[in-house]
Amino acid sequence: VSTGEELPVEFGLDQNYPNPFNPSTLIGYQVPGSGATRVRLAVYDMLGREVAVLVNEKKEPGHYVATWNANGLAGGVYFARLTAGQFVQTRKMTLMH
């Protein structure tokens, strides 16, 4: 079955949208390969404390979007980090109240 969508050739973490956001945002990421890969997408505060785990499972190759609702958290800068095998990428996000 072909969806017409090209599979990614490398891992990637997109900038969240919208940014700045209040209180929720979308975070896109890509998983390449020919089989399932363990993927972890977590959010950290400025002090490096983990505040949310959005994805922590094996994912087939493709394009994905995770939603993060920061309701109840203080406004400021947060970091989304995608980890998959040796790949690690981080993006800065701004929560506005």
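Thresholds applied
Residue numbers restart at each chain and count upward from 1, following the sequence in its written direction. With the structure being a predicted model, the display of local features is reserved for residues of pLDDT at least 70 and the display and counting of side-chain atom pairs for 80 or more, all residues being used for whole-chain, interface and lining totals. Note that water and hydrogens are dropped before the side-chain values are worked out from all heavy atoms of the structure. Think of it this way: DSSP has to see at least two bridges between two strands before they count as a pair. A run of H or I in DSSP becomes a helix once it reaches four residues, and a run of E becomes a strand once it reaches two; helices and strands are each numbered from the N terminus. In what follows, salt bridge is the name for a side-chain nitrogen of Lys or Arg lying within 4 Å of a carboxyl oxygen of Asp or Glu. In summary, the pairing rule links any two rings of Phe, Tyr or Trp, Trp by its six-membered ring, whose centres are within 6.5 Å, and it sorts them by plane angle into stacked for under 30 degrees, edge-to-face for over 60 and tilted for everything else. Three exposure classes are used, based on accessible area relative to the maximum for each residue type with a 1.4 Å probe and protein chains only: buried under 20%, partly exposed in between, and exposed over 50%.

Colleague: Pulling in residues and values, what's your account of the sheet that holds strand 2 (residues 24–31)?
Modeller: Strand order across the open sheet formed by 3 strands is 1-2-5, with antiparallel pairing between neighbours. Strands with a single pairing partner mark the edges of an open sheet, and in this sheet they are strand 1 (12–13) and strand 5 (62–69). Bridge count between strand 1 and strand 2: 2 bridges; the pairing is antiparallel. Each bridged residue has a counterpart across the sheet, and for glycine 12 the counterpart in strand 2 is glutamine 30.

Colleague: Tell me what's going on with the pattern of salt bridges, and back it up with residues and numbers.
Modeller: All chains considered together, the criterion is met by 3 salt bridges. Residue aspartate 45 is joined to arginine 49 by a salt bridge in which the shortest nitrogen-to-oxygen separation is 2.7 Å.

Colleague: An account of the packing of aromatic side chains is requested, with residue identities and associated values reported.
Modeller: If you walk through the whole model with that rule in mind, you get 4 aromatic pairs. For the pair tyrosine 29 and tyrosine 64, a centre-to-centre distance of 5.4 Å together with 20° between the ring planes defines the contact as stacked. Within this pair, whereas tyrosine 29 is found in strand 2, its partner tyrosine 64 is found in strand 5, the two being separated by 35 residues in sequence. In this structure tyrosine 29 comes out as buried when scored by relative accessible area, which is 2%. Consider the rings of tryptophan 68 and tyrosine 78, whose centres lie 5.4 Å apart with planes at 65°: the pair is edge-to-face. Of this pair, tryptophan 68 sits in strand 5 while tyrosine 78 sits in strand 6 (residues 76–84), and the two are 10 residues apart along the sequence. Owing to a relative accessible area of 3%, tryptophan 68 belongs among the buried residues under this scheme. Looking at tyrosine 78, the relative accessible area reads 6%, which means it is buried.

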